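Residue-level structure breakdown
Below, each chain spelled out in residue letters.
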Amino acid sequence: MGTVAGEHDPFPSELVERRSTYQISQSASNQIPVVIVEAACRAENLTLTTWSSSVVISNTLHKLDIPLAQLRADGSPASGAHHGYKILELGAGTGLTGLSAACIWGSRALLTDLPTIVPGLQANIDANTSLFQDQGAGAGCGTLDWNAPSDLFIYDSASASEVKVAITDDNKFPLVMAADTMYTEDHPELLTRTIATCLSRSKDARAVTCWPQRVCYLEPLREFWRLMEERGLVVAQEGQEYADFEGLDDEPLHEWSVWRWKDLQ
Ligand SMILES: C[S@@+](CC[C@H](N)C(=O)[O-])C[C@H]1O[C@@H](n2cnc3c(N)ncnc32)[C@H](O)[C@@H]1O
């Protein structure tokens, strides 16, 4: 990871804590530089940072068996309920996972989190404008609280306000992603309900998750698995990766999984 100088800075300098470039694998031999600003935002007592799960899953995306045709922009007008986004990231934090997915697959990602995190997400979208152009990608951000999974609020940077979009059968997402979002006993219920609410009911739809195997949270991880199956989802692909970063002060073993609807073949 290196620091990038001279990028447009959407935050006052005293709010910017760190600016890094993550070299993310687009294939076995090619990497793309995703710029991440870690600003001084907080939600639920967590300071905004880029967690190892998002680095691990971003570098694994090129190996996943995801039906890609559904992720390409279809040219239809994107407005109102027809938001035009193909990828939904839940609990995005700094947004590395969704930004990487949009760029690797040439798609449009909506990065969501709690309201206090949204300005940081917009900053990271702005920091990667030229990469999006190169990759034929796009991204937006907004609020999606897992306690109210049908109520999406899409941020409009021009007016600095959010527009409410109800999630219905017509505007669900073919790909839903979440990294390091399983760390309280409430999270399995909240997150599985949110995934089931937001994921398109199609045979190609996929949900991608990645978490560190922290011993203290193994019970919520098991419960997540049980509830996903109870909601009609089944694992299509899974694997493990070790995070091997300088200064990592967390569990290095990560498990990722790709889910699909069991009844739709
Ligand atoms: C450990 S961080 C992971 C961030 C990012 N995915 C990463 O891996 O770097 C968990 C994220 O989930 C978000 N979060 C927690 N509870 C949430 C909720 N009820 N609704 C939406 N986001 C939530 C937090 O604000 C935080 O950004």
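Residues numbered from 1 in each chain as written. Predicted model: local features only at pLDDT ≥ 70, side-chain atom pairs only at ≥ 80, totals over all residues. Heavy atoms only, no water.

Labelled according to an unreviewed UniProt entry, the protein appears under the name Lysine methyltransferase, originating from Apiospora kogelbergensis.

**Points about the pairing of strand β8 (residues 151-156)**
What counts is decided by this rule: Any two strands with at least two DSSP-identified bridges between them are counted as paired. Comment: elements are numbered from the N terminus, with helices defined as DSSP H or I runs of at least four residues and strands as E runs of at least two.
Here two bridges tie strand β7 (residues 138-143) to β8, and the two strands are oriented antiparallel to one another. What sits directly across from T143, in β8, is F153. Bridge count between β8 and strand β9 (residues 161-166): six bridges; the pairing is antiparallel. Residue L152 lies in a different strand from β9, and its bridge partner there is V165. Linkage of β8 to β9, two consecutive antiparallel strands, is achieved through a turn of four residues, within which A160 is found at a positive phi near 50°.

**Brief notes about the packing of helix α1 (residues 52-60) against helix α2 (residues 96-105)**
Our working definition: To get an axis, a line is fitted to the C-alpha atoms, and for a helix only the part in contact is used. The angle between two axes follows their N-to-C directions and goes from 0 to 180 degrees. Throughout this description, any angle smaller than 35 degrees is read as roughly parallel, any larger than 145 degrees as roughly antiparallel, any in the 65 to 115 degree range as roughly perpendicular, and the remainder as oblique. Only heavy atoms enter the contact rule, under which two residues are in contact if any of them lie within 4.5 Å. When residue character is reported, Ala, Val, Leu, Ile, Met, Phe, Trp, Tyr, Cys and Pro are called nonpolar, Asp, Glu, Lys and Arg charged, and the others, Gly included, polar.
In contact at an axis separation of 9 Å, α1 and α2 are set at 10° when each is read in the N-to-C sense. Taken together, the axes of α1 and α2 are roughly parallel relative to one another. Between α1 and α2, the contacting residues are S54, V55, I57 and S58 on the first element and L96, T97, S100 and I104 on the second. A per-class count over the contact of α1 with α2 returns four nonpolar, four polar and no charged.

**Considering the sheet that holds strand β12 (residues 233-242)**
Strand order in the open sheet made by the nine strands is β9-β8-β7-β6-β5-β10-β11-β13-β12, with mixed pairing throughout. Because the sheet does not close on itself, it has two edges, and the strands there are β9 and β12. The mean inter-strand angle of the sheet, taken between neighbouring strand axes irrespective of direction, is 25°. Packed on one face of the sheet, α1 meets β10 (175-179), β11 (206-212), β12 and β13 (253-261) and runs near 135° to β11. Of the strands in this sheet, β6 (108-113), β7, β8 and β9 touch helix α3 (residues 118-126), which is tilted by about 175° from β7.

**A few points about the site of the ligand**
What counts, and what does not: Throughout, the term near means that a residue has one or more heavy atoms lying within 4 Å of the molecule or strand in question. Polar contacts, as counted here, are pairs of nitrogen or oxygen atoms within 3.5 Å of one another; within protein the pair requires one atom able to donate a hydrogen and one able to accept it, and residues that are adjacent in sequence qualify only if both atoms are side-chain atoms. All accessible areas in this document rest on Shrake-Rupley with a 1.4 Å probe, and a residue is counted as covered only by the protein chains that are shown.
What surrounds the ligand is a group of 19 residues, the closest being W51, G91, D113, W146 and A179. Contact between the ligand and S54: an oxygen atom at 3.4 Å from a side-chain N or O atom of the residue. D145 is positioned with one of its side-chain polar atoms (N or O) 3.1 Å from a nitrogen atom of the ligand. Its free accessible area being 590 Å², the ligand has 97% of it covered by the protein chains.

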